[in-house]
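In case you want the letters, here they are:
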Amino acid sequence: MSERTSDANRGSDSAPPEVALSIHIEASPDTVWSILTEPERFSAWMGGQVSFETRVGSPYQALFPQYRMVLAGEVLDFDDLQRRFVLSWGIESGPQADTMPAASSRVEFRVTDGKGGAHVDVRHSGFLAARTAREHEDGWRFHLGRLALSANRTDLAAGLARALPAWWSAWNEPDEAARLKSLRACCAPDLEFRDDWAVLRGIERLSLHIANCHSFMPGWRIEPTGDVRVCRGEALVGWRSSARGQGAQEGFNHVRADYDGTLRRIAGFQAAG
């Protein structure tokens, strides 16, 4: 998954200190927006207990028991159509409460469409000191990385749930036309594939490789084990195969895919044993 951050003004003698960061996330803008605006998902993202309503004037509170900290403020602006969310922000109790009191600063989130995903801008202003701004910049970088992880994991898991049945169907299909139809339903045309027996690019060449598997291993079948692990645009997908007169083999595929599940690069690994 591609993630990019950029800095704006972080404080100077002529301007108040602030933090401005942006990130590209390989996930749909709707998914990213839902994480930012649904309290339960916001809580999971921030690692705290967050409560608010998406209306102007709603109190905002975030409890972080592990840090003995409570953040507090209120919703200043909320535009669901433009995907813009603004909060007042500060520390009600805990470390730095004296240098950044509750509701003393302003945080603005914007989510827009980006090529291959969503673009997120975060602007945090109203700091009383440049040092506090720098400390919060580090925190926002961390949390934006976690936002990217959460959003991509949500969308890619759903995308793979749609794509992988066609992938396994193609590998078990002896008929070339039906096999190509399944591959086109789940793979990019220039899919890269490699395993112990082949290094290739393109759906047609992969179809030929699958045909050779059936030709040289009569009765060969492969099935998923249900073990799918997703992290930042990539996944590990478990499988089990068998053929007549041969014992079962297990392994996993290392998958690179678009967040909608379109398969782009796959490397097959066979478990040792």
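Our subject is the structure that appears above.
Remember, it's a predicted structure, so these values are computed and weren't measured experimentally.

Procedures and definitions
- Residues numbered from 1 in each chain as written.
- Predicted model: local features only at pLDDT ≥ 70, side-chain atom pairs only at ≥ 80, totals over all residues.
- Heavy atoms only, no water.
- Helix = DSSP H or I, 4+ residues; strand = E, 2+ residues; numbered from the N terminus.
- Buried < 20%, exposed > 50% of the residue type's maximum accessible area, 1.4 Å probe, protein only.
- Contact = heavy atoms within 4.5 Å.
- Areas by Shrake-Rupley, 256 points an atom, 1.4 Å probe, with all protein chains shown as cover.
- Lys, Arg positive; Asp, Glu negative; His and termini not counted.
- Charge placed at Lys NZ, Arg CZ, Asp CG, Glu CD.
- Core = buried A, V, L, I, M, F, W, Y, C linked by side-chain atoms within 4.5 Å.
- Pairing = 2+ DSSP bridges.
- Axes fitted to C-alpha atoms, helices over the stretch in contact; angles between N-to-C directions.

A. Region of the structure containing the overall build of the protein. The helix and strand tally for the protein stands at 5 helices and 14 strands. Each principal axis of the C-alpha distribution contributes one length, and for the protein these read about 75 × 35 × 35 Å. When each of the 273 residues of the protein is scored for burial, the buried share is 46%. Within the protein, counting contacts between residues at least 6 apart in sequence, those at least 24 apart form 46% of the total. Put simply, the protein shows about 13,800 Å² of open surface, and 50% of that area lies on carbon and sulfur atoms. Looking at charge distribution, the protein has the averaged site of its 31 positive side-chain charges lying 4 Å from that of its 36 negative ones.

B. Examining the nonpolar core more closely. With 38 residues, the main nonpolar core has I25, V32, W45, W89, F109, V120 and L147 as its most contacted residues. Top contributing element to this core by residue count: helix α3 (residues 130-171), with 6 residues. The contacts of L147, once residues within four sequence positions are left out, are I25, V32, I35, L36, W45 and V120. Among the nonpolar cores identified, the runner-up in size contains 32 residues, and W168, C187, L191 and I203 belong to it.

C. Quick look at helix α1 (residues 29-37). Among the 9 residues of α1, 8 are classified as buried, and the element is accordingly described as predominantly covered. Restricting attention to buried positions, one finds in α1 the residues P29, T31, V32, W33, S34, I35, L36 and T37.

D. Quick look at the sheet that holds strand β11 (residues 221-231). Ordered in space as β10-β9-β14-β13-β12-β11, the 6 strands form an open sheet in which the pairing is mixed. Edge positions in the sheet fall to β10 (199-201) and β11, since each has one partner strand and no second. Ignoring strand direction, the axes of neighbouring strands in this sheet form an average angle of 20°. Relative to strand β14 (residues 263-270), strand β13 (residues 246-257) is paired through 7 bridges, and the arrangement is antiparallel. Within β14, the residue paired with V255 across the bridge is I266. In this fold α3 packs onto β9 (187-194), β11, β12 (234-243), β13 and β14, with an angle of close to 170° to the strand it touches most, β11.

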